[in-house]
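Commentary on secondary and tertiary structure
Here is how the chains run, residue by residue.
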Amino acid sequence: MNTFVSKFGGTSLASSKEIRHVEQIASKLERRFVVVSAPGKRFGNDEKITDLLIECFDRASKRLDFSKPFNKIKERYIEIATDLGVNVNLDAEFGAIKMNLNFDPNYDYILSRGEYLSAIIIAKFLHRKFIDPSQFMIMSNGGRVNLKQSKILFDKLVSDDGYYVIAGFYGRTKKGEIKTFSRGGSDITGAVVANLASAQKYENFTDVDGVFDADPNFTKLAKKIDIMTYDEMYKMAKSGAKVLHPDCIKYLRSKNIALNIRNTFNLVDFGTLVVGENYIKKLEKKG
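The paragraphs below set out a description of the structure included in this document. (Residues numbered from 1 in each chain as written. Predicted model: local features only at pLDDT ≥ 70, side-chain atom pairs only at ≥ 80, totals over all residues. Heavy atoms only, no water.)

A word on the pattern of salt bridges
Within this structure, the stated rule accounts for 11 salt bridges. One salt bridge connects Asp155 with Lys151, and the closest N-O pair in it is separated by 3.2 Å. One end of the pair, Asp155, and the other, Lys151, are both in helix 6 (residues 147-157), four residues apart, so they sit about a helical turn from each other. When its relative accessible area of 40% is taken as the criterion, Asp155 is described as partly exposed. A relative accessible area of 27% places Lys151 in the partly exposed class. The network of salt bridges with common partners includes Arg42, Asp46, Arg76 and Glu79. (Salt bridge = Lys/Arg side-chain N within 4 Å of Asp/Glu carboxyl O. Helix = DSSP H or I, 4+ residues; strand = E, 2+ residues; numbered from the N terminus. Buried < 20%, exposed > 50% of the residue type's maximum accessible area, 1.4 Å probe, protein only.)

Pasting the structure below:
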């Protein structure tokens, strides 16, 4: 059976309503690995969970009261779990976060908790095994992933017939300290998991139909690109296209894993397929 890794961004996980779309997508048997971000905005002036966590850290670092953003975070996750009918007690997790903020605020640890809590709830909802990426994702202080060491640990955690939910955005150093990628780093987690699992496809689900030749928010003339190369995608991502973190490409290219950027809320559209140049040359010969 083919193996797909499916990563969902914050807009796909903003509330229980959006997460039910994820449930529909994840029901396909090939989608054995689901990688999740922290909940994003539910509406225009809403707050992202990651931004609230940053606010908690900033206030705690200055020994200021962080109860307001902290309580917003708690209420958001409790609301999501309740609306999904998930029976999960997060008191211990919130207690650990609060203790870290009170005594020795650690930036990477605090920021990583958005994806961590999201993955716990969604794993329960989808009846899948939750995997904390700090169990296998070994990173340098500079944020590079040690694929060799990570592969050894990853293989001990997964089975050929298992189904998993993995928190995005972070791993750990060799010393065991939580280490995050840069913002948007859940994209990288998905690409690394695809590499370690030797997946056939890495699906990156977001709130747009794919990659466009111009920003569709600013021009109606923007056209979606149906297929492109790794190099083309990398250059666009490096130049500011926010649809994908550029560091994903190296983990996919090395194993020739197809990348499919799709819209969680428009499954009729196949999105944009990103592949190697040889694949495109074969298509051109057939055409």
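Having seen the model, we can carry on.
A look at the packing of aromatic side chains
Ring pairs (aromatic) are described by centroid distance and by the angle formed between their planes. As enumerated under the stated definition, the model contains eight aromatic pairs in all. Residues Phe33 and Phe154 carry aromatic rings whose centres are separated by 5.7 Å and whose planes lie at 35 degrees to one another, so their mutual orientation is tilted. Separated by 121 residues along the polypeptide, Phe33 in strand 2 (residues 31-36) and Phe154 in helix 6 bring together distant segments of the chain. Since its relative accessible area comes to 1%, Phe33 is described here as buried. (Phe/Tyr/Trp six-rings, centres within 6.5 Å; stacked < 30°, edge-to-face > 60°.)

Overview of the layout of surface pockets
Rolled over the atoms, a probe with the dimensions of a water molecule shows which regions are left empty. Of the pockets and cavities examined, the largest pocket occupies roughly 1200 Å³. Thr206, Asp207, Lys242, Val243 and Leu244 are, among the 40 residues lining the largest pocket, the residues nearest its centre. Counting only elements with at least two residues in the lining of the largest pocket, the list comes to helix 2 (49-61), helix 7 (186-196), strand 7 (201-206) and strand 8 (211-212). Per-element accounting of the lining of the largest pocket gives the leading share, three residues, to strand 7. Of the residues that constitute the lining of the largest pocket, the class distribution is 14 nonpolar, 16 polar and 10 charged. (1 Å grid on protein atoms, 1.4 Å probe; cavity = no way out; pocket = protein on both sides within 12 Å on 5 of 7 lines; lining within 4 Å. Points joined across faces, edges and corners; volume = space filled by probe spheres on them. Nonpolar A, V, L, I, M, F, W, Y, C, P; charged D, E, K, R; others polar.)

Things to note about helix 8 (residues 230-238)
Think of an α-helix as 3.6 residues a turn; residues three or four steps apart then line up on the same face. For helix 8, every residue scored as buried is listed here: Tyr230, Met233 and Ala237. Looking straight down helix 8, one finds that the buried residues subtend no more than 65 degrees of arc, so they occupy a single side. The outward face of helix 8, more than 90 degrees from its buried face, is lined by the exposed residues Lys235 and Lys238. Contacts made by the buried residues of helix 8 are with strand 8, strand 10 (227-229), helix 9 (248-253), strand 11 (258-263) and strand 12 (272-275). Gly240, located one to two residues past helix 8, shows a positive phi value of around 120 degrees. (Arc of directions from axis to C-beta. Contact = heavy atoms within 4.5 Å.)

Observations concerning the nonpolar core
The tendency in soluble globular proteins is for nonpolar side chains to be buried as a group. If you look at the biggest cluster of nonpolar residues, it comprises 43 residues, and the most contacted ones within it are Ile73, Tyr77, Phe94, Ile97, Leu101 and Val165. Elements supplying a minimum of two residues to this core: helix 1 (16-26), strand 2, helix 2, helix 3 (67-84), helix 4 (91-103), helix 5 (107-126) and strand 4 (164-167). The element that contributes the greatest number of residues to this core is helix 5, accounting for 11 residues. In this structure Tyr77 touches Ala38, Pro39, Ile49, Leu90, Phe94, Arg113, Gly114, Leu117, Ser118 and Ile121, once residues within four positions along its chain are discounted. Membership of the second largest hydrophobic core comes to 40 residues, among which are Met139, Phe181, Ala199 and Ala237. (Core = buried A, V, L, I, M, F, W, Y, C linked by side-chain atoms within 4.5 Å.)

Remember that the coordinates give geometry; whether it matters functionally is a separate question.
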